[in-house]
Amino acid sequence: MSAREDILSNVRRSLGVSGIDAPRRASVEARLAAHARGIAPQRGQGDAAARLKMFVEQAQAVATSIAHAADVNEAPAQIAEFLRAHNLPAHLRMGDDARLRNLAWGAASLEISYGPSAGDDLNSVSFAEAGVAETGTLALVSGAHNPTTLNFLPDNHIVILRASDIEADYEAVWARLRERYGAGIMPRTVNLVTGPSRSADIEQKLLLGAHGPRRLHVVIVGD
Amino acid sequence: MTAYPTSPQFRENARAALADGQLQKALGNVRTNFIAKRAAVADRLPEFEALRDQARDLRDHVLAHLDVYLEAYERKVIESGGHVHWARTAEEASRIIVDLAKSRGARSVAKGKSMVSEEIGLNAALERAGIKAVETDLGEYIIQLRGEAPSHIIAPAVHLNQEDVEAEFRRVHTWLPKDRDLSEPESLLAEARAELRAKFLAADIGVTGANFLVAETGTSIIVTNEGNGDLSQILPRVHVVVASIEKIVPTLEDAAGLLRVLARSATGQEMSVYTTLSTGPRRADDLDGPQEYHVVLVDNGRSNMLGSEFEEMLRCIRCGACMNHCPVYHAVGGHAYGWVYPGPMGAVLTPSLIGVDKAGHLPNASTFCGRCESVCPVRIPLPKLMRHWREREFERHLSPAVSRAGLGLWAFFARRPALYRFVTGLTIRALAWAARGKGRFKSLPLASGWTAQRDLPAPQGQTFQAQWKAQQAKQRKRS
Ligand code: SF4
């Protein structure tokens, strides 16, 4: 017997079931199809203003820095300001994202290059799919518009997030993914990011910038 | 790491650990940090206890339908362009990965942190095939340099102090300037980051574990704080996920529910920094990410635990809370347990996976204080499961005479919960007293065969001997 058959039949033997047990199969199919929501924390569930407030509070608590822009066209100036404040070069790496491409980067004296990171970029910019109020988490999805290396290799990761994309909970992010990609289908990588990279492996002391970005900066657009 | 267990020498290991001053200093960090952080974050979430109930029920549902979920999960992985491999044993699992690496001409493998890869002895197997395995989690990297096994399932180097790390980096990173300043933890982290960057970029294959496998979508989920698990899977050409069969969850919603208790129980964080959902290889419009995606599903004894009195152990989501709160773990650290999984969860799981003959002492490594069960996010009755092992060990006459007497006494208490609670309360106070002032135990009962339990005052009414005889007689009548 193949390893697969062996394992499955041993599981069935231990559970005392047969492989053709229709009610069990039906109950699994039903659960998968329903993908019912479980308990989600109340604290994320307010209206848009409350979600924004909760997102900011939670994000800042895990050392994400936050800036606000009234309009997405103000984002380049906000980002330039962040780079200046940290003495960082005025160069950004980003994916080919329609939401980013047409912003007036040059007017803010920022130099742009496109594509994944090979590890030699200091700063990257992504446009978030969504934010999650409950824990101040960003959802980023892989694709030409945001190669996943941009989320991890640069020292400073800057993310633009529309206030209207701040959802209550992770389940709302799953709903968006299902809508975009189809039920049961996922993009290659979905990153839920909650703060800059860190490690506490040396004497439990919390240090930022382990393997991923040392800084995570979010520009929230709109209110 | 060695897959060869030293669990049979638990008592010797424990005695050595108690005498190790450096270790005792490092263990102080477990006691103070993990417990306070978990308590604070649990207090902040009114839904926490309800989420634990939900997590327990979900895990039980999955276990009861595991065969069907495994098939559904496999179907989705294949649909999304990935490959699924099944491994009955540790050896089979390692062989699958070694063969994959060899057939792709791989010379180096970057590894995200994975306990099951420790369980199957993957690094040694790769090494034997001439392939370099590089651990990339900071803690795992440090202990790999030292040739040690992890001493904790989420904080593998928790037994070390900063000076130990500095000494190791100076010993190994000989190409760096001798006079560099490594006096701050920040400089140690920066050095490891720079060294490992090059290794990620050079690796041909990335191996990660999985916290969850989602049947609905064929997705594997990993949770990390450093981002090493992500670099391990997006930079190399091939991503191999190695996970045990019980890691399945039905839907993304179910995963969300477990994520809400995982980080809080593990590190006291609301959410870990990186929760990454990976499905198949890179897509047509992806500019990075792996070209191949493989999942190795490892049984290695788990299918036998289903339907047995140890089935509840398979609910475990490897958060480490049980060891963080365990007075025995605090006293002796993880290495004393002698195999991959330490603490209360290890005391139950290890005998299930490597046999009670090799791990029979571990279920004795308990004061039965119940703190592990009280913090376990999936409410595994760990003390009860340890008791099952003790009873089995007793039946098999594997225990030395002294433990057998101890077990007899234990069985006596087990039938008198109030008395048991009173006495274990005493035991805890006695342990605290033994540790007074120094934050560590001068002498611990377990190191000399759990004398504390046998030295306790005889129960009211009859003497212990009389009770014991009556108990034996009753048992004989029943069997
Ligand atoms: S037994 Fe419970 S507390 Fe221990 S690691 Fe597993 S889930 Fe966490």
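On a predicted model such as this, the values are computed, not experimentally measured, just so you know. (Residues numbered from 1 in each chain as written. Chains lettered and ligands numbered in written order. Predicted model: local features only at pLDDT ≥ 70, side-chain atom pairs only at ≥ 80, totals over all residues. Heavy atoms only, no water.)

## Brief notes about the overall build of chain B
Scanning chain B from N- to C-terminus turns up 23 helices and 10 strands. For chain B, the proportion of its 479 residues judged to be buried stands at 65%. Restricting the contact set of chain B to residue pairs at least 6 apart, pairs at least 24 apart contribute 74%. About 16,800 Å² of surface is accessible on chain B, with carbon and sulfur atoms providing 54% of the total. (Helix = DSSP H or I, 4+ residues; strand = E, 2+ residues; numbered from the N terminus. Buried < 20%, exposed > 50% of the residue type's maximum accessible area, 1.4 Å probe, protein only. Contact = heavy atoms within 4.5 Å. Areas by Shrake-Rupley, 256 points an atom, 1.4 Å probe, with all protein chains shown as cover.)

## Considering the overall build of chain A
Of regular secondary structure, chain A possesses seven helices and 12 strands. Residues counted as buried form 57% of the 223 residues belonging to chain A. Considering only contacts in chain A between residues 6 or more positions apart, those separated by 24 or more positions represent 70%. Surface summary for chain A: the accessible area is close to 8,600 Å², and the carbon and sulfur share equals 53%. Averaging the locations of the 23 positively and 25 negatively charged side chains of chain A gives two centres separated by 6 Å. (Lys, Arg positive; Asp, Glu negative; His and termini not counted. Charge placed at Lys NZ, Arg CZ, Asp CG, Glu CD.)

## Considering the site of the ligand
Within the structure, the ligand sits among 15 residues, and B:Cys316, B:Cys319, B:Gly320, B:Cys322 and B:Cys376 are positioned closest to it. Here the shell around the ligand is built from residues that sort into 13 nonpolar, one polar and one charged. (Near = heavy atom within 4 Å. Nonpolar A, V, L, I, M, F, W, Y, C, P; charged D, E, K, R; others polar.)

## A word on the sheet that holds strand 5 (residues 130-132) of chain A
Taken together, the eight strands give an open sheet; going across it, the order is 8(A)-5(A)-6(A)-9(A)-9(B)-6(B)-5(B)-8(B), and neighbouring strands pair in mixed fashion. Two strands in the sheet have a free side with no partner beyond their single neighbour: strand 8 (166-167) of chain A together with strand 8 (248-249) of chain B. As judged from the four bridges shared by strand 6 (residues 137-141) of chain A and strand 9 (residues 189-193) of chain A, these two strands associate in the antiparallel manner. Residue pairing across strands places A:Val141 opposite A:Val190, the latter belonging to strand 9 of chain A. Relative to the sheet, helix 12 (residues 252-266) of chain B contacts strand 5 (212-214), strand 6 (219-224), strand 8 and strand 9 (274-278) of chain B, its axis offset from that of strand 5 of chain B by approximately 165°. (Pairing = 2+ DSSP bridges. Axes fitted to C-alpha atoms, helices over the stretch in contact; angles between N-to-C directions.)

## A closer look at the interface of chain B and chain A
Contact residues are listed per partner, giving 101 residues for chain B and 79 residues for chain A. Across the interface of chain B and chain A, roughly 7,600 Å² is buried in total on both sides, 56% from carbon and sulfur atoms. Three residues, B:Arg193, B:Glu253 and B:Arg260, lead the burial of chain B against chain A; their summed loss comes to 10% of the area buried on that side. Our enumeration of links across chain B and chain A arrives at 14 salt bridges. The salt bridge involving B:Arg88 is made with A:Asp6; its shortest N-O contact spans 2.5 Å. Linking chain B with chain A are 54 residue pairs in polar contact (both at pLDDT 80 or more). If one sorts the elements of the side of chain B that touches chain A by residue count, helix 4 (residues 66-79) of chain B sits on top with 10 residues. Grouping the amino acids of the side of chain B that touches chain A by side-chain chemistry returns 45 nonpolar, 27 polar and 29 charged. (Buried area = accessible area lost by both parts, 1.4 Å probe. Salt bridge = Lys/Arg side-chain N within 4 Å of Asp/Glu carboxyl O. Polar contact = N/O pair within 3.5 Å; in protein donor to acceptor, adjacent residues only side chain to side chain.)

## Examining the side chain of B:Arg59
Residues and elements named next belong to chain B. Residue placement: Arg59 occurs in helix 3 (residues 48-64). The side chain of Arg59 is buried and forms no salt bridge, while Glu246, the nearest opposite charge, is found at 5.6 Å. When residues no more than four places from it in sequence are discounted, the contact partners of Arg59 are Glu246, Ile248, Leu258, Leu314, Arg315, Ile317 and Val378.

## Some details on the pattern of salt bridges
If you walk through the whole model with that rule in mind, you get 52 salt bridges over all chains. The closest approach of N and O atoms between A:Glu134 and B:Arg260, which form a salt bridge, is 2.6 Å. Of this pair, A:Glu134 sits in the loop between strand 5 and strand 6 while B:Arg260 sits in helix 12, on two different chains. The class of A:Glu134 is buried, set by a relative accessible area of 1%. A relative accessible area of 1% means that B:Arg260 is categorised as buried. Within the structure, one salt-bridge network assembled from shared partners comprises B:Glu49, B:Arg52, B:Asp53, B:Arg56, B:Asp57 and B:Arg379.

## Thoughts on the packing of helix 3 of chain B against helix 12 of chain B
Residue and element names in this part refer to chain B. Between helix 3 and helix 12, the least distance of the axes is 9 Å, while the angle of their chain directions is 125°. When the axes of helix 3 and helix 12 are compared, the pair comes out oblique. Two packed elements cross with a definite hand, and for helix 3 against helix 12 that hand is left-handed. Along its contact with helix 3, which presents Phe48, Leu51, Arg52, Gln54, Ala55, Leu58 and Arg59, the element helix 12 presents Asp254, Gly257, Leu258, Arg260, Val261, Arg264 and Ser265. Considering only residue class, the contact of helix 3 with helix 12 consists of six nonpolar, three polar and five charged. (Parallel < 35°, antiparallel > 145°, perpendicular 65-115°, else oblique. Left-handed = near helix turned anticlockwise from the far one by under 90°.)

## Comments concerning the pairing of strand 6 of chain A
Residues and elements named next belong to chain A. The element strand 6 is extensively covered by neighbouring structure, given that five of its five residues are classed as buried. Where burial is concerned, the two faces of strand 6 agree: the one with Thr137, Ala139 and Val141 and the one with Leu138 and Leu140 are both buried. Once strand 5 ends, the chain turns through four residues before running back antiparallel as strand 6, passing Gly136 with a positive phi of about 65°.

## Things to note about the domain arrangement of chain A
The domain architecture assigned to chain A consists of domain 1 (1-34) and domain 2 (43-221). A separation of 41 Å is found between the C-alpha centroids of domain 1 of chain A and domain 2 of chain A. (Domains from an automatic or database assignment.)

## What to know about the environment of B:Cys376
For B:Cys376, the location among the structural elements is in the loop between helix 18 (371-375) and helix 19 (382-395). Residues B:Cys376 and B:Lys358, spaced 18 residues apart in sequence, show a C-alpha to C-alpha distance of 26 Å.

## A word on the side chain of A:Glu203
Here A:Glu203 lies in the loop between strand 10 (198-199) and strand 11 (207-208). For A:Glu203, a relative accessible area of 17% gives the class buried. Reaching out from A:Glu203, the side chain makes a polar contact with the backbone nitrogen of B:Gln162 at a distance of 2.7 Å. Apart from the residues within four sequence positions on either side, A:Glu203 is in contact with B:Asn29, B:Leu160, B:Asn161, B:Gln162 and B:Glu163.

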